Amino acid sequence: MSMSDSDSSSYASDYKNFKQISRERLLHEMLRSAKTGDSKSTWKVLIMDKLTVKIMSHSCKMADITDEGVSLVEDIYKRRQPLPTMDAIYFIQPTRENIIMFLSDMSGRTPLYRKAFVFFSSSISRELVMEIKKDALVLPRIGALREMNLEYFAIDSQGFVTNNERALEELFGDEENHHKAVACLNVMAMRIATVFASLREFPTVRFRAAKTIDATTMTTFRDLIPTKLAAGVWDCITKYKKTIANFPQTETCELLIIDRTIDQIAPVIHEWTYDAMCHDLLNMDGNKYVHEVPGKDGGLPEKKEVLLEDHDPIWLELRHAHIADASERLHEKMTNFISKNKAAQIQHGSRGSGEMSTRDIQKMVQALPQYSEQIDKLSLHVEIAGKINRIIRESRLRDIGQLEQNLVFGDAGMKDVIKFLTTNEDASRENKLRLLMILAAIYPEKFEGETGLNLVKVARLTNEDMIAINNLRMLVGQPEAKKTSTGAFALKFDIKLSLKRASLSCQKKRAARKDRSGEEETWQLSRFYPILEELIEKINKNELSKEDYPCLNDPNPTVHGVPYAQLHQNPPAHSMRSRRTPTWARPRGSDDGYSSDSVLKHSSSDFKKMGQRIFIFIVGGATRSELRACHKLTSKLRREVILGSTSLDDPATFITKLKLLTALDDLQI
């Protein structure tokens, strides 16, 4: 029996992307390693708990697992058939409950399996190890006892989540319930650390410093979230330096820990890429899309489920393209395919009504299987893009999107929002809510008291919607502007009059981003980019403020000149965003990293030329625009940028989470 961390050093010489390394660790270091040594059975049983089965499913397909000699996958908490001639592989969390179940399986005169190869998703306590070792019957039946240190979901080739879906509620909600918040941060820190254990990376750990209104104000727990999480990750990683073989002893990459307060606009603004539009506008379940296909033998249409994931080359090529660009490319692909494919020409009647020669029939038969597969994939994406464009047209989403972007870039203000709300009463409640949330992120003080209430009334939103707006606004603390008086006299004013006054007071429009000259825009509504993009570029240039983003690797880390342990100082406000044209929205002739040629050109084989990795972790949920930015900057900076978060949220999910928060202020309708 060996008690060690599984070694991934064999992959160091051949640079692979984040998800590939995660997959190979699970398949090779865990499943394949059980084929050697004491193992004598050809086929094995794989036993997992609720979390580890998700870890496995995000990185591996069932066919991959079968190829490694697994014939049966079981749930550790379900009653299982004894298979005393087979070996079992346990991939489980190191919890007391799981250890009890494992010992129950393997103890006694008739264990469920011949031998057990046990792999833990994270570090196991000494106490639980002793619990296993003291069972004299179980001990000789253990073929391996190892810590995989892999407890995250690899949701993308450059993205992972820690499965803390309720992080926003547990960390930013009830200030009194610190016990739940601390437990949430501890789990999060451990899971983030396992990413670095998997990749054998030792990071420079930086974090958003705590902010306070002034030097005399006590820092809140919410404001200390990145600080506390960074400390937790640092503690885990310093232990790895001592316990994991071949773990680096000097820094090999950079990690920045931030939270949702750094960008309140990105989670709610309409993002116009194909991927974001699919998840925002279509009724998808995760990455699963359901569509109708013709029934067999001319029967009724049947529903078919497809996964929009990396195995689909068309999805991989178009997911980060602007929806207009994606639609054009799909049209070109379909046209080119029909013009070049013999069977497609015949199918589409391009040959006329003349009789087909034997040669024609032979060519058609030869082309048909490939034609069928290709036309299915193309037709699927043509259908999806068509449905998205129809929704955009019917809901007049371009007008809303234009106003959203104008607000962000300071080209519109309160007056324009009021005009839109009063002249577009048929706009959907969700779109009006998202518009007001963007307004509140830019002008938080205008949602104090009467003005905010009247805006919500004009938009015909609910009390629940107002809570979501207020909670978004309060994530970063009380606005510094003075609160508006809302005495008895003020409440008698007509709504239109008070809104008129509010718009007059906002004549000077406020930009959340500044203009950058010298860059031309290609696609309409493609100006927006998340603040994360600027932060990554500053990390790459070594220009990230050490005051706003201190480093734990420094010998004596300080925050604004005060020792790290005290954490009472207030960092200066972060820089305004700057307008730029995203390279992903440029014409296909440019090197945007997402043309069909670029997808191949920037594949993992090209990673050998990459610089040090950059890791960004966002507490409170990441967005698809932020994940897209990481892909774009990986090509631009020649450094693999990996995004981690507690969850990956689409706008509707993020808004629901905000509504479930304990009200962060007393504002009511």
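Residues numbered from 1 in each chain as written. Predicted model: local features only at pLDDT ≥ 70, side-chain atom pairs only at ≥ 80, totals over all residues. Heavy atoms only, no water.

1. Some remarks on the overall build of the protein
- A count of helical and extended segments in the protein gives 23 helices and 18 strands.
- Relative to its 669 residues, the protein shows a buried fraction of 55%.
- Counting only contacts in the protein whose residues sit at least 6 apart along the sequence, the fraction spanning at least 24 positions is 81%.
- As displayed, the protein has an accessible area near 30400 Å², and 51% of this comes from carbon and sulfur atoms. (Helix = DSSP H or I, 4+ residues; strand = E, 2+ residues; numbered from the N terminus. Buried < 20%, exposed > 50% of the residue type's maximum accessible area, 1.4 Å probe, protein only. Contact = heavy atoms within 4.5 Å. Areas by Shrake-Rupley, 256 points an atom, 1.4 Å probe, with all protein chains shown as cover.)

2. As for the sheet that holds strand β17 (residues 611-619)
- Taken in spatial order, the six strands make up an open sheet running β7-β8-β18-β17-β10-β9, and their pairing is mixed. The outermost strands of the open sheet, each flanked by one partner alone, are β7 (153-156) and β9 (203-207). The sheet shows a mean angle of 25 degrees between the axes of neighbouring strands, taken without regard to direction.
- Note: strand β8 (residues 159-161) against strand β18 (residues 639-645), three bridges, orientation parallel. From the neighbouring strand, G159 faces β18, where its bridge partner is L643.
- Contacts between helix α1 (residues 18-31) and the sheet are confined to β7, β8, β17 and β18, with β7 contributing the most and set at about 140 degrees to the helix. (Pairing = 2+ DSSP bridges. Axes fitted to C-alpha atoms, helices over the stretch in contact; angles between N-to-C directions.)

3. Notes on the pattern of salt bridges
- For the coordinates displayed, the defined rule picks out 37 salt bridges.
- In this structure, K134 engages E131 in a salt bridge whose closest nitrogen and oxygen atoms are separated by 3.7 Å.
- Among the ionic pairs, R628 bridges to E271, the shortest N-O distance being 2.6 Å. One end of the pair, R628, is in helix α22 (residues 624-637); the other, E271, is in the loop between β10 (253-259) and α9 (274-281), and 357 residues separate them in sequence.
- On the basis of relative accessibility, which here comes to 8%, the residue E271 falls in the buried class.
- Salt bridges linked by common partners bring E317, D325, R329 and K333 together as one network. (Salt bridge = Lys/Arg side-chain N within 4 Å of Asp/Glu carboxyl O.)

4. Examining the nonpolar core
- Core analysis: the biggest nonpolar cluster contains 133 residues, and F91, L171, M188, L229, Y274 and L436 have the highest contact counts within it.
- Sort the elements by how many residues they give to this core and helix α7 (residues 178-199) lands first, with eleven residues.
- Formed by 24 residues, the second largest nonpolar core is a distinct cluster that contains Y90, Y113, F120 and I124. (Core = buried A, V, L, I, M, F, W, Y, C linked by side-chain atoms within 4.5 Å.)

5. Re helix α2 (residues 50-59)
- Regarding α2, the residues found buried are L51, T52, I55, M56 and S59. When α2 is viewed along its axis, its buried side chains cluster within an angular range of 135 degrees and face the same direction.
- As for α2, its buried residues are in contact with α1, β2 (44-48), α3 (62-67), β4 (83-92), β7 and α7. (Arc of directions from axis to C-beta.)

6. Considerations on the environment of E547
- Summarising the element assignment, E547 is placed in the loop between α20 (531-540) and β14 (558-559).
- Between the C-alpha atom of E547 and that of R208, which follows or precedes it by 339 residues, the distance is 9.1 Å.

7. Some details on the packing of aromatic side chains
- Inspection of the entire model under this criterion finds eleven aromatic pairs.
- By way of ring pairs, the aromatic residues F18, Y152, F160 and F617 are connected into one cluster. (Phe/Tyr/Trp six-rings, centres within 6.5 Å; stacked < 30°, edge-to-face > 60°.)

8. Brief notes about the side chain of N98
- Along the chain, N98 turns up in helix α4 (residues 96-106).
- Only 2.9 Å separates the side chain of N98 from the backbone oxygen of Q93, close enough to count as a polar contact.
- Not counting residues within four places of it along the chain, the set of residues in contact with N98 comprises D49, I76, Y77, I92 and Q93. (Polar contact = N/O pair within 3.5 Å; in protein donor to acceptor, adjacent residues only side chain to side chain.)

9. Concerning the pairing of β7
- Bridge count between β7 and β8: two bridges; the pairing is antiparallel. Its bridge partner lying in β8, F153 is registered against V161.
- Counted between consecutive antiparallel strands, the loop separating β7 from β8 contains two residues.

10. Section: unusual backbone geometry
- Of note, the phi angle at R200 is positive, near 50 degrees, even though the residue is not glycine.
- Structurally, R200 can be placed in the loop between α7 and β9.
- Given a relative accessible area of 10%, R200 falls into the buried group.
- Located in the positive-phi region is R638, a residue other than glycine, with phi close to 60 degrees.
- By the secondary structure assignment, R638 is in the loop between α22 and β18.
- Taking relative accessible area as the criterion, R638 reaches 26% and is therefore assigned partly exposed.

11. Looking at the environment of H322
- By secondary structure assignment, the location of H322 is in the loop between α10 (313-318) and α11 (323-340).
- Along the backbone, H322 and W523 are 201 residues apart, and their C-alpha atoms lie at a distance of 7.3 Å.

12. Things to note about the side chain of R473
- Among the structural elements, R473 can be located in helix α18 (residues 463-474).
- Side-chain polar atoms of R473 contact the backbone oxygen of P444, separated by 3.3 Å.

13. Quick look at the packing of helix α15 (residues 414-423) against helix α16 (residues 429-442)
- Running from N to C, α15 and α16 point in directions that differ by 170 degrees, and their axes come no closer than 11 Å. For the element pair α15 / α16, the angle class is roughly antiparallel. Contact residues: α15 offers M414, V417, F420 and L421, while α16 offers K432, L435, L436 and L439.
- Looking at side-chain class alone, the contact of α15 with α16 contains seven nonpolar, no polar and one charged residues. (Parallel < 35°, antiparallel > 145°, perpendicular 65-115°, else oblique. Nonpolar A, V, L, I, M, F, W, Y, C, P; charged D, E, K, R; others polar.)

14. So, the confidence of the model for the protein
- With 75% of its residues at a pLDDT of at least 70, the protein reaches an overall mean of 82.
- β8 holds the highest mean pLDDT among the elements of the protein, 98, whereas helix α21 (residues 596-601) holds the lowest, 38.
- Between residues 6-13, whose pLDDT stays under 50, and residues either more than four places distant or in other chains, the model counts 18 contacts.
- Low confidence marks residues 567-605, where pLDDT is under 50. Its contacts with residues over four positions away, or in another chain, come to 123 contacts. (pLDDT = per-residue confidence, 0-100.)

15. A word on helix α5 (residues 126-133)
- Turning to α5, its buried residues number three or more, namely L128, V129 and I132. One side of α5 holds all its buried residues, which, seen down the axis, span an arc of 105 degrees. Set apart from the buried face of α5 by more than 90 degrees, the exposed residues are R126 and E127.

16. Re the packing of α4 against α5
- The interhelical angle for the contact between α4 and α5, taken along N-to-C directions, is 10 degrees, at an axis separation of 11 Å. One element, α4, and the other, α5, form an angle in the roughly parallel class. Of α5, the residues touching α4 (which contributes R96, I99, F102 and L103) are E127, L128, E131 and I132.

17. So, the environment of G621
- With respect to the helices and strands, the residue G621 is situated in the loop between β17 and α22.
- Look at G621 and you get buried, because its relative accessible area is 2%.
- In this structure, the C-alpha to C-alpha distance between G621 and P267, residues 354 residues apart in sequence, is 8.4 Å.
- Dropping the residues within four chain positions of it, G621 is found in contact with R260, S645, T646, S647 and D649.

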